[in-house]
Amino acid sequence: MTIGEYSQIYRGKRVVNFAMGDTPAGGDVVYRLTQDYDSAESQRDLLESFLSQVDPATLEALIIGPWSEAHDEGPQGYLDTLIERRAQLPALQALFVGDMTYEDCEISWIIQTSYNPLLAAFPQLQSLRVRGSSNLELQAFQHEALEELAIECGGLPSKIVDAIAGSTLPALNHLELWLGTDDYGFDGGLAPYQNLLGEIDPTRLRYLGLRDSQISDEVAAWVAQQPWLGSLRTLDLSLGTIGDAGAQALAESPHLGAIERIDLSHHYISPQWQEKLRALPCEVVLDDHEDEDDGERYVAVAE
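Numbering of residues starts from 1 in each chain and follows the order in which that chain's sequence is written. Per-residue local features of the predicted model are confined to residues with pLDDT of at least 70, and side-chain atom pairs are confined, for both listing and counting, to 80 or more; whole-chain, interface and lining totals are unaffected and use all residues. The basis for the side-chain values is all heavy atoms of the structure; hydrogens and waters are excluded.

What to know about the pattern of salt bridges
Part 1 of the reasoning: Each salt bridge in this description consists of a side-chain nitrogen of Lys or Arg and a carboxyl oxygen of Asp or Glu lying within 4 Å of one another. Taken as a whole and assessed by the stated rule, the structure comprises 17 salt bridges.
Part 2 of the reasoning: Across the pair glutamate 152 and arginine 131 runs a salt bridge whose closest N-O atoms are separated by 2.6 Å. Here the residue glutamate 152 occupies a position in strand β7 (residues 148-152), and arginine 131 occupies one in strand β6 (residues 127-131), the gap between them amounting to 21 residues.
Part 3 of the reasoning: The class for glutamate 152 is buried, based on a relative accessible area of 5%.
Part 4 of the reasoning: Relative accessible area decides the class of each residue, using a 1.4 Å probe on protein chains only: under 20% of the type maximum gives buried, over 50% gives exposed, and in between gives partly exposed. Since its relative accessible area comes to 6%, arginine 131 is described here as buried.
Part 5 of the reasoning: A salt bridge links glutamate 176 to arginine 211; the shortest N-O distance between them is 2.9 Å. Residue glutamate 176 is found in strand β8 (residues 174-180), and its partner arginine 211 is found in strand β9 (residues 207-213); the two are separated by 35 residues along the sequence.
Part 6 of the reasoning: Taking relative accessible area as the criterion, glutamate 176 reaches 3% and is therefore assigned buried. Strands are runs of DSSP state E lasting at least 2 residues, helices are runs of H or I lasting at least 4, and numbering of each runs from the N terminus.

Pasting the structure below:
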């Protein structure tokens, strides 16, 4: 499986595209800036064209979709322009950078950049979602308003996890990380995530996503033993390689508390343990059962 569709809804609103030469559709929508592989205009040109046709002071959310030659250059032109125009964007609360499909660029080939300058420039930002981890940079930071942080990738370097662990994020309640595989950048095993959850006080999280992981069984076994598990509303271990070992740990966990939903979509769990999971006093999502390939398991999204 790869990412074959663009986001249709973002922050509860319909997503519409904006390319160079377009006129904004209007209405209560979220715009996605898009370029073709060989677009002539720069990222700056496209963003400035868009901002000249909408009221930037009312812009609450923005998606940066495929940019030209995303496998060779990152979205720096977009981020620099946003930072320069920040005084005109007082309402910007949500940003998704990299909403593209495998036809635009495979997830592990998307070139990213540093996000500390952007986060510093937008203290009102509530949600940041980034797709791709190649060249992704993040140092520990302080941000009073950020409620949602999501990084989608085929392999998340431990240095990024460590940076989040060292950050001060008092409003954070939605943390979503795609661990991926060691073929595409995952390099830390379970320890960085144990440290991360130890540092950020997970009892304030409503949603915890440790997704697309080659070590899903290990993650599930550890999370199942944590007293804070039942304070979550949603535990999301989807897109990974969880099998019976992880299923048993969750099914027998004494810490489920008031958790409402466990998402294990794309899994390798036997019918026996699926049945036991469905008997839990919460919603358990078990879509997309997979069979091992000569004893091998694969995450849903890698390259």
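There's plenty left to go through after this.
Considerations on the packing of aromatic side chains
Part 1 of the reasoning: Pairs were defined over the aromatic rings of Phe, Tyr and Trp, the Trp ring being its six-membered one, requiring ring centres within 6.5 Å. Orientation was assigned from the angle between planes: stacked under 30 degrees, edge-to-face over 60, tilted for the rest. Summed over the entire model, instances satisfying the criterion amount to four aromatic pairs.
Part 2 of the reasoning: Plain terms: the ring middles of tyrosine 10 and phenylalanine 96 are 6.1 Å apart, the flat faces sit at 40 degrees to each other, and that makes the pair tilted. Of this pair, tyrosine 10 sits in strand β1 (residues 9-10) while phenylalanine 96 sits in strand β5 (residues 94-97), and the two are 86 residues apart along the sequence.
Part 3 of the reasoning: The buried category is assigned to tyrosine 10, whose relative accessible area is 8%.
Part 4 of the reasoning: Among the residues examined, phenylalanine 96 registers a relative accessible area of 2% and is labelled buried.
Part 5 of the reasoning: Charge over a ring is defined by NZ of Lys or CZ of Arg lying within 6 Å of the ring centre and within 35 degrees of the ring normal. Cation over ring: lysine 276 sits above tryptophan 273, and NZ or CZ is 4.1 Å from the ring centre.

Quick notes on the side chain of histidine 267
Part 1 of the reasoning: Residue placement: histidine 267 occurs in the loop between β11 (261-263) and α8 (271-278).
Part 2 of the reasoning: Taking relative accessible area as the criterion, histidine 267 reaches 0% and is therefore assigned buried.
Part 3 of the reasoning: Within 3.5 Å is the distance limit for a polar contact, defined as a pair of N or O atoms, with the added protein rule that one can donate a hydrogen and the other accept it, and that residues adjacent in sequence qualify only through two side-chain atoms. One polar contact links the side chain of histidine 267 to the main-chain carbonyl oxygen of leucine 286, over a distance of 3.0 Å.
Part 4 of the reasoning: Leave out the neighbours within four places in its chain, and histidine 267 touches Ile242, Gln274, Leu286, Asp287, Asp288, His289 and Glu290. A contact between two residues is defined here by any heavy atoms of the two lying within 4.5 Å.

Thoughts on the pairing of β8
Part 1 of the reasoning: In terms of burial, β8 is a largely internal element, seven of the seven residues being buried.
Part 2 of the reasoning: Judged by which residues are buried, β8 turns out to be covered on both faces: His174, Glu176, Trp178 and Gly180 on one side and Leu175, Leu177 and Leu179 on the other are all buried.
Part 3 of the reasoning: Across four bridges, β7 lies against β8 in parallel orientation. When the bridges of β8 are listed, leucine 149 appears paired with leucine 175.
Part 4 of the reasoning: Crossover handedness is defined here as right-handed if the route from the first strand over the helix to the second strand goes clockwise, with the strands pointing away from the viewer. In the classification by handedness, the crossover that spans β7, the intervening helix α4 (residues 158-165) and the parallel β8 is right-handed.
Part 5 of the reasoning: Here, a strand pair is defined by DSSP locating no fewer than two bridges between the strands. With six bridges joining them, β8 and β9 adopt parallel strand pairing. Looking at β9, one finds that tryptophan 178 is bridged to arginine 211.

Focus on helix α1 (residues 43-51)
Part 1 of the reasoning: Of all the residues in α1, the buried ones are Gln43, Leu46, Leu47, Ser49, Phe50 and Leu51.
Part 2 of the reasoning: Against the buried residues of α1 lie β2 (13-18), β3 (29-33), β4 (61-64) and α2 (76-84).

Some points on helix α5 (residues 191-199)
Part 1 of the reasoning: For α5, the set of buried residues is Pro192, Tyr193, Leu196 and Leu197. Viewed end-on, α5 has its buried residues packed into an arc of 130 degrees, placing them on one side of the element. Structural note: α5 exposes Gly198 and Glu199 on the side pointing more than 90 degrees away from its buried face.
Part 2 of the reasoning: Residues of α5 that are buried make contact with α4, β8, β9 and α6 (216-223). This arc is built from the directions going out from the helix axis to the C-beta atoms.

Here we look at the pairing of β2
Part 1 of the reasoning: The pairing of β1 with β2 spans two bridges and is classified as antiparallel. Note on β2: the bridge partner recorded for tyrosine 10 is lysine 13.
Part 2 of the reasoning: In terms of strand pairing, β2 meets β3 through five bridges, oriented parallel. Across the sheet, residue phenylalanine 18 finds its bridge partner in β3, namely leucine 33.

Observations concerning a negative patch on the surface
Part 1 of the reasoning: There is a patch of like negative charges on the surface, built from Asp36, Asp38, Glu69, Asp72, Glu73, Glu103 and Asp104.
Part 2 of the reasoning: When you line up the elements, glutamate 103 lands in the loop between β5 and α3 (116-121).
Part 3 of the reasoning: Of the residues examined, glutamate 103 reaches a relative accessible area of 65% and is grouped as exposed. In this scheme, patches are assembled from residues that exceed 30% relative accessible area and form no salt bridge. Like charges are connected within 9 Å, while nonpolar side chains (Val, Leu, Ile, Met, Phe, Trp, Tyr) are connected within 5 Å. Throughout, the Shrake-Rupley method with a 1.4 Å probe supplies accessible areas, and for residues the shown protein chains are the sole cover considered. Charge assignment in this entry is limited to Lys and Arg as positive and Asp and Glu as negative, and neither His nor the chain termini are counted. Where a charge lies is defined by one atom per residue type: Lys uses NZ, Arg uses CZ, Asp uses CG and Glu uses CD.

Quick look at the environment of arginine 86
Part 1 of the reasoning: Its place among the elements puts arginine 86 in the loop between α2 and β5.
Part 2 of the reasoning: Considered as a pair, arginine 86 and aspartate 236 are 150 residues apart in the sequence and their alpha carbons are 34 Å apart.
Part 3 of the reasoning: Apart from residues no more than four positions distant in its own chain, arginine 86 is found in contact with Ala121 and Phe122.
Part 4 of the reasoning: Side-chain polar atoms of arginine 86 contact the backbone oxygen of isoleucine 83, separated by 2.6 Å.

Limitation: the analysis is restricted to geometry and does not speak to function.
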